[in-house]
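What follows is each chain in one-letter form.
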Amino acid sequence: MPTAAFTTLGCKVNQYETQKILESFEAQGFEIVPFESPADVYVINTCSVTQSAESKSRQTVRRAARQNPNAVVVMTGCYAQFTLRRGETLAEAHLTVPNPDKLRTVEYLLEHFPHFKAQLAQAARQSETPLRRRTRAVLKIQDGCNVYCSFCSIPYTRPVMRSTPYQEVLAEARALVQDGYREIVLTGVLIGDYGPQTGSGGPDLVQLCAMLSAIDGLERIRISSIEPTLITDALIDLIAQNPKMCPQLHIPLQSGDTGVLRAMNRPYDQAFYLDLIRQLRARIPDCGVSTDIMVGFPSEDEAAFENTCAVVEQAEFCRAHLFRYSPRPDTPAESMPDQVPDAVKAERMQRLQQVCKAAARRYATRFIGRTERVLVETRSKLSGLMTGTSDHYLQVEFAASPTLIGRLVQVRITDLAADGVLGELVEWSV
Ligand code: SF4
């Protein structure tokens, strides 16, 4: 049976799409193996959000080619699309699938490398290998963005706004629950835009979440990333009242400085963002808020950077993904004056990492002595303890049997860990 391995760079949308590509390979009869293993086919779903992401995409393609020089290396995703647009080639990628066609990657492969068809036909009688081992499934419900942040190329690569019809979302969610998933993470490029005006067939995001929460066996629903201006009172009420909705939101900040936000073409200012956090925590006590922050955007001076640090202090993010700004081709920010030198970006990244770490530890401290519901996910290679994610998005480590992977358990939080918290297993149910 031919083998295929997958890896993803970038956002949750890419993760979701890799999952779908993987399933299409499984359906054709490929055996799925870890990306670190020798495989007959490597599929790399690339990202181009920063120069660093592009560089990592190239490195990953080259790594795959080194791992098995006889393998077919397939590249798709945003970086792959950029290479096609620019007429570039990456020698180690034997096949580049256009981003809009990525869910048809297996068809492209079989068309260009027909020897796999013969191998699959031979293996056709072998039993399928169900490989959905993840405990949390990502479900994409929306695509496209029309916000045009001045640093971002996504609106140019995904300009069409589209919501997945709610019947399809519900059917996919039921199938995931049947496969054993307890938690579904809803994702999209601009998920707050989900609604009838772009093809949902009726419900908006809040109504869709309410429909999903009625599915028996689905125990947790999480919203992956939502723009601050698209968080409505109705959504806050739903999270506050519906126990299946995780009390956590990922709300990109990007900058805590109003002037920089304006230059970024982000549709809010510092006061709006902080007020939103206050409202959230007033309605949902201890609501976990994670975020994305971009460091070194053009015009970010020391005072502006300090404003970002101040927002981190006040918001007490439970997690923060930090990015160093790098110009993306054909975006307005590429030609802005006042570009920040790399050395200054590097120094600010280090400082901000410390500020974020301290804020996350302050947030996590609130939970010491409390009991949290945790989805058991894997065993930590470092500590040997089991790890999982709590409703509030804390990474929790605790002693337990690996047979609990995929289950929701109650864990009493006892202390802070290097990257999360430690706890003791209290109880679990089947
Ligand atoms: S909201 Fe801004 S950063 Fe997010 S995808 Fe749209 S343009 Fe890009």
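Residues numbered from 1 in each chain as written. Predicted model: local features only at pLDDT ≥ 70, side-chain atom pairs only at ≥ 80, totals over all residues. Heavy atoms only, no water.

Description of the overall build of the chain
Right, so step 1: Within the chain, the secondary structure is distributed over 13 helices and 17 strands.
Right, so step 2: Computed over the C-alpha atoms, the radius of gyration of the chain is 22 Å, within 12% of the 22 Å expected from 2.2 N^0.38 for a compact globule of 430 residues.
Right, so step 3: Looking at the chain residue by residue over its 430 residues, the buried ones come to 53%.
Right, so step 4: Within the chain, counting contacts between residues at least 6 apart in sequence, those at least 24 apart form 71% of the total.
Right, so step 5: Of the roughly 18700 Å² of accessible surface on the chain, a fraction of 50% belongs to carbon and sulfur atoms.
Right, so step 6: With 46 positive and 49 negative side-chain charges, the chain shows a spacing of 3 Å between the two charge centroids. (Helix = DSSP H or I, 4+ residues; strand = E, 2+ residues; numbered from the N terminus. Rg over C-alpha atoms; globule rule 2.2 N^0.38 Å. Buried < 20%, exposed > 50% of the residue type's maximum accessible area, 1.4 Å probe, protein only. Contact = heavy atoms within 4.5 Å. Areas by Shrake-Rupley, 256 points an atom, 1.4 Å probe, with all protein chains shown as cover. Lys, Arg positive; Asp, Glu negative; His and termini not counted. Charge placed at Lys NZ, Arg CZ, Asp CG, Glu CD.)

Concerning the environment of Gly 201
Right, so step 1: With respect to the helices, strands and loops of the structure, Gly 201 is situated in the loop between strand 8 (183-188) and helix 8 (205-213).
Right, so step 2: Residue Gly 201 is classed as exposed on the basis of its relative accessible area of 61%.
Right, so step 3: Taking the C-alpha atoms as reference points, Gly 201 and Leu 238, 37 residues apart in sequence, are found 21 Å from one another.
Right, so step 4: When near neighbours in sequence (up to four residues on either side) are disregarded, Gly 201 contacts Tyr 166 and Pro 196.

Re the pairing of strand 15 (residues 395-398)
Right, so step 1: Side chains Val 396 and Phe 398 project from strand 15 onto a buried face, and the interleaved Gln 395 and Glu 397 project onto a face without burial.
Right, so step 2: What sits between strand 14 (residues 386-390) and strand 15 in their antiparallel hairpin is a turn of 4 residues, with Tyr 393 showing a positive phi close to 80°. (Pairing = 2+ DSSP bridges.)

Remarks on the site of the ligand
Right, so step 1: Taken together, Cys 145, Val 147, Tyr 148, Cys 149, Phe 151, Cys 152, Ile 154, Pro 155, Val 189, Glu 227 and Arg 266 make up all the residues around the ligand.
Right, so step 2: Of the residues contributing to the shell around the ligand, the split by class is 9 nonpolar, no polar and 2 charged. (Near = heavy atom within 4 Å. Nonpolar A, V, L, I, M, F, W, Y, C, P; charged D, E, K, R; others polar.)

Observations regarding helix 11 (residues 270-283)
Right, so step 1: Here helix 11 contains 14 residues, and its C-alpha end-to-end distance of 20 Å stays within 8% of the 20 Å for a straight helix at 1.5 Å per residue.
Right, so step 2: Turning to helix 11, its buried residues are Tyr 273, Leu 274, Leu 276, Ile 277, Leu 280 and Arg 281. For helix 11, the angular spread of the buried residues around the axis is 150°, confining them to a single face. In helix 11, the exposed residues that point more than 90 degrees away from the buried face are Ala 271 and Ala 282.
Right, so step 3: Each element contacted by the buried residues of helix 11 is listed here: helix 9 (233-241), strand 10 (245-250), strand 11 (288-295), helix 12 (302-315) and helix 13 (342-365). (Expected span 1.5 Å × (residues − 1). Arc of directions from axis to C-beta.)

Things to note about helix 13
Right, so step 1: Taking 1.5 Å of rise per residue, 24 residues should cover 34 Å, and helix 13 covers 34 Å from first to last C-alpha, within 8% of that figure.
Right, so step 2: Listed as buried for helix 13 are Lys 345, Arg 348, Met 349, Leu 352, Val 355, Cys 356, Ala 359, Ala 360, Tyr 363 and Ala 364.

Things to note about the domain arrangement of the chain
You'll often see interface size given as the accessible area lost when the parts meet.
Right, so step 1: By the assigned domains, the chain splits into domain 1 (3-123), domain 2 (136-365) and domain 3 (371-428).
Right, so step 2: For the pairing of domain 1 and domain 2, the buried interface totals around 1600 Å² over both sides, and the portion due to carbon and sulfur atoms is 54%.
Right, so step 3: On the domain 1 side of the contact with domain 2, Lys 12, Val 13 and Tyr 16 bury the most area, a combined 31% of that side's loss.
Right, so step 4: The tally of links from domain 1 across to domain 2 stands at 5 salt bridges.
Right, so step 5: Of the charged contacts in the structure, one is a salt bridge between Glu 54 and Arg 328, with a shortest N-O distance of 2.8 Å.
Right, so step 6: In this structure, the connection of domain 1 to domain 2 is made through 8 residue pairs in polar contact (both at pLDDT 80 or more).
Right, so step 7: Every element with two or more residues in the side of domain 1 that touches domain 2 is listed here: helix 1 (12-28), helix 2 (51-67) and helix 3 (78-86).
Right, so step 8: Taken together, the residues that form the side of domain 1 that touches domain 2 break down as 4 nonpolar, 7 polar and 7 charged. (Domains from an automatic or database assignment. Buried area = accessible area lost by both parts, 1.4 Å probe. Salt bridge = Lys/Arg side-chain N within 4 Å of Asp/Glu carboxyl O. Polar contact = N/O pair within 3.5 Å; in protein donor to acceptor, adjacent residues only side chain to side chain.)

Considerations on empty space enclosed by the protein
Right, so step 1: What the rule picks out here adds up to 1 cavity of 30 Å³ or more.
Right, so step 2: As a volume, the largest cavity reaches approximately 40 Å³.
Right, so step 3: When grouped by side-chain class, the residues that make up the lining of the largest cavity number 5 nonpolar, 2 polar and 1 charged. (1 Å grid on protein atoms, 1.4 Å probe; cavity = no way out; pocket = protein on both sides within 12 Å on 5 of 7 lines; lining within 4 Å. Points joined across faces, edges and corners; volume = space filled by probe spheres on them.)

Some thoughts on the sheet that holds strand 5 (residues 95-96)
Right, so step 1: Spatially, 2-1-3-4-5 is the arrangement adopted by the 5 strands of the open sheet, whose pairing is parallel. For this open sheet the edge positions go to strand 2 (31-32) and strand 5, each flanked by a neighbour on one side alone.
Right, so step 2: Bridge count for strand 1 (residues 3-8) against strand 2 is 2 bridges, and the pairing is parallel. The partner of Thr 3 across the bridge, within strand 2, is Glu 31.
Right, so step 3: Helix 2 contacts strand 1, strand 3 (41-46) and strand 4 (72-77) of the sheet and is inclined by roughly 175° relative to strand 3.
Right, so step 4: In this fold helix 3 packs onto strand 3, strand 4 and strand 5, with an angle of close to 90° to the strand it touches most, strand 4. (Axes fitted to C-alpha atoms, helices over the stretch in contact; angles between N-to-C directions.)

A few points about the nonpolar core
Right, so step 1: Grouped together as the largest cluster of nonpolar side chains are 66 residues, with contacts concentrated most on Leu 212 and Leu 352.
Right, so step 2: In terms of residue count, the dominant contributor to this core is helix 12 (6 residues).
Right, so step 3: Excluding its chain neighbours within four sequence positions, the residues that come into contact with Leu 212 are Val 169, Leu 170, Ala 173, Leu 186, Leu 218 and Ile 221. (Core = buried A, V, L, I, M, F, W, Y, C linked by side-chain atoms within 4.5 Å.)

Describing the state of the cysteines
Right, so step 1: Applying the stated rule across the entire model yields 0 disulfides.
Right, so step 2: Considering cysteine sulfurs only, Cys 246 is the nearest to Cys 209, which forms no disulfide, with 11 Å between them.
Right, so step 3: Cys 287 provides the cysteine sulfur closest to Cys 318, a residue in no disulfide bond, and the two sulfurs are 8.3 Å apart.
Right, so step 4: Exposure remark for Cys 318: the relative accessible area of 10% places this residue in the buried category. (Disulfide = S-S within 2.5 Å.)

Section: the side chain of Thr 331
Right, so step 1: For Thr 331, the position within the fold is in the loop between strand 12 (319-324) and helix 13.
Right, so step 2: With a relative accessible area of 5%, Thr 331 lands in the buried category.
Right, so step 3: Among the polar contacts made by the side chain of Thr 331, one reaches the main-chain carbonyl oxygen of Arg 328 at a distance of 2.7 Å.
Right, so step 4: Other than its neighbours up to four places away in sequence, Thr 331 contacts Ser 150, Phe 151, Cys 152, Ser 153 and Tyr 156.

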